[in-house]
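Descriptive analysis of the structure
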Amino acid sequence: MHSPYGMELSGSCETCPLRHQGFFCNLQKSCLKAFDAIKFTSGYPGGAVLFVEGEAARGIYVLCKGRVKLTMTSADGRTMILRIVKPGEVLGLHAAVSGRVYQATAETMEPCQVNFVRRDEFLRFLAQNPEASVHAAQQLSGDYQTACDQIRSLGLTHNASAKLARFLLETSAMGKETKEGIRVRLTMTHEEIGQMIGASRETVTRTLGEFRDRHLVLRNGSMLVIQDRAGLETFAGA
Amino acid sequence: MHPQSVPVHVFHEDLFRGLKGSAGEDFAAIETRAFYTAGVSLFEADEPAFGLFVVHRGSVAVSNSNWEEGLAGCSTFLAGEVLGLSAAVSGEAYQASARTLELSEIGMVSRADFLEFLATHGEFAFRVVGLLSDSLNSACDHLRALPPAIQA
């Protein structure tokens, strides 16, 4: 199956070469087969909006390839990035299960492959496949914990340096140890980092500059190097 | 609720009431019940989740701050309510600390046993998905409503 966005689309979950340790990817064969029968596979370019906050839930979206940004608008109109969704995760799960509106807006950050399942079919699928229900419960719990962490971070940490240091430390968990420090690819703009930690773009730029002057981090294009993890932990209050 | 606290979601619905037939028997087989005097800690915030707790009698206070720092975001769990469900399912750390307020009868189910129970009893797993979904919706509402000064 071909797609106009330079991606090879994989039509079947059972034989998919993109399978991850995600929500549906590691279900048993019979369960995957049932899922295959109700999903629609699509390719999206970067910048496509899958669903909008406040919209009635149509169904769920399983991200197979690419990255998706989940954002929410605060009471005073600011945009907050809830998280960056990685392949294997499901979007719109709690809205589809509860029958309420989507709590966030999902926008692709690069060309993505997405599987969509209609809400009624998904609920039937969950009811008929306990294994899928357990996976759904696990993803919802993980999402809940992430939301609580974000509330704690935004609500209890007023200091922008601490919030940025914590964000960089969390990001570095996906990095690679090198002679210079921990190298990690960070493709987010200062604006997006600000939306994630609850700070303005200017504050992120200034604080990153301070971290660089103290030889805590080095950013070269999309490559971030954590030069002094212990120093960053001191800022984070860890 | 304290404006700067992490929401403590109480599952008011008695999740385990009305478990019929094999589900009821299976749940009874994995649950360990015990009496706790007042002031006993059931779990602490940031501790890796080892299981969930069901209040059968008495009451439990759940707080998302350290006990020494006061009781920001405190909720009281009464008979029939469940504690630590989300952490037990996800396997992450508890988001809050729980302590008995009086002599209480508490049931404890280990994480591994509970996940196995969910996988065996689909109808129950579906109810858990619904409850967790409600919790996440509440957390999102809470996040959206954080005061502007805090987000600046």
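Thresholds, definitions, all that
- Residues numbered from 1 in each chain as written.
- Chains lettered and ligands numbered in written order.
- Predicted model: local features only at pLDDT ≥ 70, side-chain atom pairs only at ≥ 80, totals over all residues.
- Heavy atoms only, no water.
- Helix = DSSP H or I, 4+ residues; strand = E, 2+ residues; numbered from the N terminus.
- Buried < 20%, exposed > 50% of the residue type's maximum accessible area, 1.4 Å probe, protein only.
- Contact = heavy atoms within 4.5 Å.
- pLDDT = per-residue confidence, 0-100.
- Pairing = 2+ DSSP bridges.
- Buried area = accessible area lost by both parts, 1.4 Å probe.
- Salt bridge = Lys/Arg side-chain N within 4 Å of Asp/Glu carboxyl O.
- Polar contact = N/O pair within 3.5 Å; in protein donor to acceptor, adjacent residues only side chain to side chain.
- Nonpolar A, V, L, I, M, F, W, Y, C, P; charged D, E, K, R; others polar.

1. Here's the deal with the side chain of T71 of chain A
Residue and element names in this part refer to chain A.
- Tracing the backbone through its elements, the reader meets T71 in strand β4 (residues 68-73).
- We classify T71 as buried; its relative accessible area is 13%.
- Excluding residues within four positions of it along the chain, T71 makes contact with E53, T79, M80, I81, L82, A104 and T105.

2. A closer look at the confidence of the model for chain A
- In the predicted model, chain A carries a mean pLDDT of 85, and 93% of its residues have values of at least 70.
- Within chain A, no element has a lower average pLDDT than helix α4 (residues 130-156) of chain A, which sits at 82, and none a higher one than strand β2 (residues 49-51) of chain A, at 96.

3. Re the pairing of strand β3 (residues 59-65) of chain A
Residue and element names in this part refer to chain A.
- The buried count for β3 comes to 6 of 7 residues, which makes it a mostly enclosed element.
- Bridge count for β3 against strand β8 (residues 112-118) is 6 bridges, and the pairing is antiparallel. Across the sheet, the residue bridging to G59 is R118, located in β8.
- Looking at chain direction, β3 and strand β6 (residues 90-91) are connected through 2 bridges and run antiparallel. In the strand pairing of β6, Y61 is matched with L91.

4. Structural notes on the interface of chain A and chain B
- Taken together, the contact pairs 42 residues of chain A with 40 residues of chain B.
- Buried surface at the junction of chain A and chain B, summed over both partners, amounts to about 3,700 Å²; 63% is from carbon and sulfur atoms.
- By the criterion of area lost to chain B, the three top residues of chain A are Y144, Q145 and I151 of chain A, representing 19% of everything that side buries.
- Where chain A packs against chain B, one counts 1 salt bridge.
- When the shortest N-O distance is used, the salt bridge between D134 of chain B and R100 of chain A registers 3.2 Å.
- For the interface between chain A and chain B, the tally reads 7 residue pairs in polar contact (both at pLDDT 80 or more).
- At the level of elements, β4, β5 (79-85), α2 (93-98), α3 (119-128) and α4 of chain A are the ones that each hand at least two residues to the side of chain A that touches chain B.
- Element by element, the count of residues in the side of chain A that touches chain B is highest for α4 of chain A, at 21 residues.
- The class makeup of the residues in the side of chain A that touches chain B is 20 nonpolar, 14 polar and 8 charged.

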